[in-house]
Amino acid sequence: MRRPARLLLLLSVGMLVPAASAQGPEHRPVSGPEQRPAQAPASLYAPGHYLVDSAATRVHFHVKALVGSYDGDFVAPEGAVVITPEHPDRASIDIQFPVDKLTTGDASTDAMLKGDSFFDGTKFPTIRFSAQDAPLATPDTPTAIAGELTMHGQTRPVTLSVRLAGVTPDEAPGLSVLHFTGTLSIERSQFGMGFGRPFVSDKVDLSIDAIFHRS
């Protein structure tokens, strides 16, 4: 494929964000003999402020094209999940990914996606997912979390499908690490980024791999 065509196809990918991926080996949910027994959410989570691990968390995007498919990542997020003692079975979520950190593995494609034809990162520097009164995910079945996705200056309701991949005690007493995986599909044209259709699909699949540390 000629380089300009490849860029065009990758460009339309930019419209993705906060995830769903064809989950590779590193995204496999707990299953088989290692699967944990079902537990009530309140027994899995301690109330607190869980900061996102900026280095370990990413949202991977996948989009089909007329020939092949294309992939990239949003990385280096900021934000937190907050669980209060008053509502130990619900959470508030606010996560933001910097447009400037998106990567497809090709510098010229990255620059195009960040430009004003796509994400317009100078004017709209972040992609944000937020949710209030969200149910707590469990390891046994996916949990639907309704929230709002904001990118390219437009906010739309979305629903993530999230699974708790693990709860790991931290070295410091009373602290813990939460690991989530999740998926989401969006239509990029709904966020004002329809360039490249129909040669590149309007549907973008996102896959989330997120780790939070209780602070």
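I will try to describe carefully the structure that is included in this document.

Definitions and cut-offs
- Within each chain, residues carry numbers counting from 1 in the order of the written sequence.
- Only residues with pLDDT of 70 or above have their local features reported here, since the model is predicted, and side-chain atom pairs are shown and tallied only from 80 upward, although totals for entire chains, interfaces and linings are computed over all residues.
- With hydrogens and water excluded, all non-hydrogen atoms of the structure serve as input to the side-chain values.
- Each residue is assigned to one of three classes by its accessible area relative to the maximum for its type, calculated with a 1.4 Å probe on protein chains only: buried under 20%, partly exposed between the two thresholds, exposed over 50%.
- Here a strand is any run of E in DSSP of at least two residues, a helix any run of H or I of at least four, and the numbering for each starts at the N terminus.
- Strands are labelled as partners when DSSP assigns at least two bridges between them.
- For salt bridges, the criterion is a side-chain nitrogen of Lys or Arg within 4 Å of an Asp or Glu carboxyl oxygen.
- Counted as a polar contact is a pair of N or O atoms within 3.5 Å, where, for protein atoms, one must be capable of donating a hydrogen and the other of accepting one, and residues adjacent in sequence contribute only when both atoms are in side chains.
- The contact criterion used throughout is that any non-hydrogen atoms of two residues lie within 4.5 Å.
- For this quantity, the arc is that covered by the directions from the helix axis to the C-beta atoms.
- Two rings from Phe, Tyr or Trp (for Trp, the six-membered ring) form a pair when their centres sit within 6.5 Å of each other. Planes less than 30 degrees apart are called stacked, planes more than 60 degrees apart edge-to-face, and all others tilted.

1. A look at the pairing of strand S2 (residues 58-64)
Within a regular beta strand, the side chains point alternately toward one face of the sheet and then the other, so they alternate between its two faces. Burial within S2 is extensive, with six of its seven residues counted as buried. Summarising the sheet, S2 and strand S3 (residues 69-75) pair through seven bridges and their orientation is antiparallel. Paired with Lys64 across the two strands is Ser69, which belongs to S3. Between the end of S2 and the start of S3, which pair antiparallel, lie four residues, with Gly68 showing a positive phi angle near 80°. One ladder, built from five bridges, connects S2 with strand S10 (residues 203-214); its direction is antiparallel. Pairing of His60 across the sheet is with Ser207, part of S10.

2. Comments concerning the pattern of salt bridges
Enumeration over the complete set of coordinates arrives at five salt bridges. A salt bridge links Asp133 to Arg90; the shortest N-O distance between them is 3.1 Å. Residue Asp133 is found in strand S6 (residues 126-135), and its partner Arg90 is found in strand S5 (residues 87-98); the two are separated by 43 residues along the sequence.

3. Section: the side chain of His62
Positionally, His62 belongs in strand S2. Judged by relative accessible area, which is 17%, His62 ranks as buried. Engagement of the side chain of His62 in a polar contact is seen with the side chain of Asp71, the distance being 3.0 Å. Apart from residues lying up to four places away in sequence, His62 is in contact with Ser69, Tyr70, Asp71, Val204 and Asp205.

4. Brief notes about the environment of Phe74
Among the secondary structure elements, Phe74 is positioned in strand S3. In sequence terms Phe74 and Ile208 are 134 residues apart; their C-alpha atoms lie 9.6 Å from each other.

5. Let's talk about helix H3 (residues 107-114)
Listing the buried residues of H3 in full gives Thr109, Asp110 and Leu113. Buried residues along H3 cover an arc of 100° about the axis, so they all sit on one side. The exposed set on the far side of H3, more than 90 degrees from its buried face, consists of Ala107 and Ala111.

6. Structural notes on the environment of Asp73
By the secondary structure assignment, Asp73 is in strand S3. Residue Asp73 is classed as buried on the basis of its relative accessible area, which comes to 16%. Remark: the alpha-carbon pair of Asp73 and Gly105, spanning 32 residues in sequence, is separated by 9.0 Å. Those residues within four positions of Asp73 in sequence are excluded, and the remaining contacts are Arg58, Val59, His60, Phe61, Lys101, Leu102 and Thr103. A polar contact of 2.6 Å, which involves the side chain of Asp73, links it to the side chain of Arg58. Polar side-chain contacts of Asp73 include one of 3.0 Å to the side chain of His60.

7. Brief notes about the packing of aromatic side chains
Taken as a whole and judged by the stated rule, the model has five aromatic pairs. Centroid distance Tyr45 to Phe180: 6.4 Å. Interplanar angle 15°. Geometry classified as stacked. Within this pair, whereas Tyr45 is found in the loop between helix H2 (41-44) and strand S1 (48-52), its partner Phe180 is found in strand S9 (residues 176-187), the two being separated by 135 residues in sequence. Under the relative-accessibility criterion, Tyr45 is labelled buried at 6%. Note on Phe180: relative accessible area 11%, which makes it buried. Through a chain of ring-to-ring contacts, three or more aromatic side chains come together here, namely Tyr45, Phe180 and Phe212.

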